[in-house]
Amino acid sequence: MANSRPVEGVTAEQLTHFLDENTFSPAAWNLVRHRVVIEYALKVGDVPGVVLFLDVDTPEQAADVVEGLPAVQQGLIAFDLDPIGKSMRL
């Protein structure tokens, strides 16, 4: 699981504006199409962002995936990576 957080100094307004303008970049859509990102949720409230559920084999692969996202490359967000098992649909 990759849980985003704003990079220090980035305001909620900057991040909200970026997410509103760029909800699905071609890079992000490609990850969904190829089932690398198997689920996602947009965070709401005081700290906007996104939570991604990734289907990868190693923490290094997860880091590579999130480092390739435009918001990360532009220095707006960083991700905390937490390994989890398979998710269940209830």
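Further up the page is the structure itself.
Reading the values: the criteria
Residues numbered from 1 in each chain as written. Predicted model: local features only at pLDDT ≥ 70, side-chain atom pairs only at ≥ 80, totals over all residues. Heavy atoms only, no water. Salt bridge = Lys/Arg side-chain N within 4 Å of Asp/Glu carboxyl O. Helix = DSSP H or I, 4+ residues; strand = E, 2+ residues; numbered from the N terminus. Buried < 20%, exposed > 50% of the residue type's maximum accessible area, 1.4 Å probe, protein only. Core = buried A, V, L, I, M, F, W, Y, C linked by side-chain atoms within 4.5 Å. Contact = heavy atoms within 4.5 Å. 1 Å grid on protein atoms, 1.4 Å probe; cavity = no way out; pocket = protein on both sides within 12 Å on 5 of 7 lines; lining within 4 Å. Points joined across faces, edges and corners; volume = space filled by probe spheres on them. Nonpolar A, V, L, I, M, F, W, Y, C, P; charged D, E, K, R; others polar. Polar contact = N/O pair within 3.5 Å; in protein donor to acceptor, adjacent residues only side chain to side chain.

## A short note on the pattern of salt bridges
Any two side chains of opposite charge can pair, so long as their charged atoms come close to each other.
Then step 1. Across all of its chains, the model carries one salt bridge by this definition.
Then step 2. Here Asp80 and Arg5 are joined by a salt bridge, their closest N and O atoms 3.0 Å apart. Here the residue Asp80 occupies a position in strand 4 (residues 77–81), and Arg5 occupies one in strand 1 (residues 2–6), the gap between them amounting to 75 residues.
Then step 3. By relative accessible area, which is 34% here, Asp80 ends up partly exposed.

## With respect to the nonpolar core
Then step 1. In this structure, Leu52, Leu54, Val66, Leu69, Ile77 and Phe79 are the most contacted members of the largest nonpolar core, which totals 21 residues.
Then step 2. Only helix 1 (12–21), helix 2 (26–33), strand 3 (49–54), helix 3 (59–67), helix 4 (70–73) and strand 4 provide two or more residues apiece to this core.
Then step 3. Apart from residues no more than four positions distant in its own chain, Phe79 is found in contact with Ala2, Asn3, Ser4, Arg5, Val50, Leu52, Val66, Leu69 and Val72.

## Observations regarding unusual backbone geometry
Then step 1. Non-glycine residue Arg35 carries a positive phi angle of around 60°.
Then step 2. Along the chain, Arg35 turns up in the loop between helix 2 and strand 2 (37–43).

## Notes on the layout of surface pockets
Then step 1. Reported here for the largest pocket is a volume of approximately 360 Å³.
Then step 2. Lining of the largest pocket is provided by 18 residues; of these, Met1, Leu54, Val56, Pro83 and Ile84 occupy positions nearest its centre.
Then step 3. Across the lining of the largest pocket, the residue classes tally to 11 nonpolar, three polar and four charged.

## Topic: the side chain of Ser4
Then step 1. Along the polypeptide, Ser4 turns up in strand 1.
Then step 2. Classification of Ser4 as buried rests on a relative accessible area of 2%.
Then step 3. A distance of 2.8 Å separates the side chain of Ser4 from the backbone nitrogen of Val50, its partner in a polar contact.
Then step 4. Setting aside residues up to four positions removed in sequence, Ser4 forms contacts with Lys43, Gly49, Val50, Ile77, Ala78 and Phe79.

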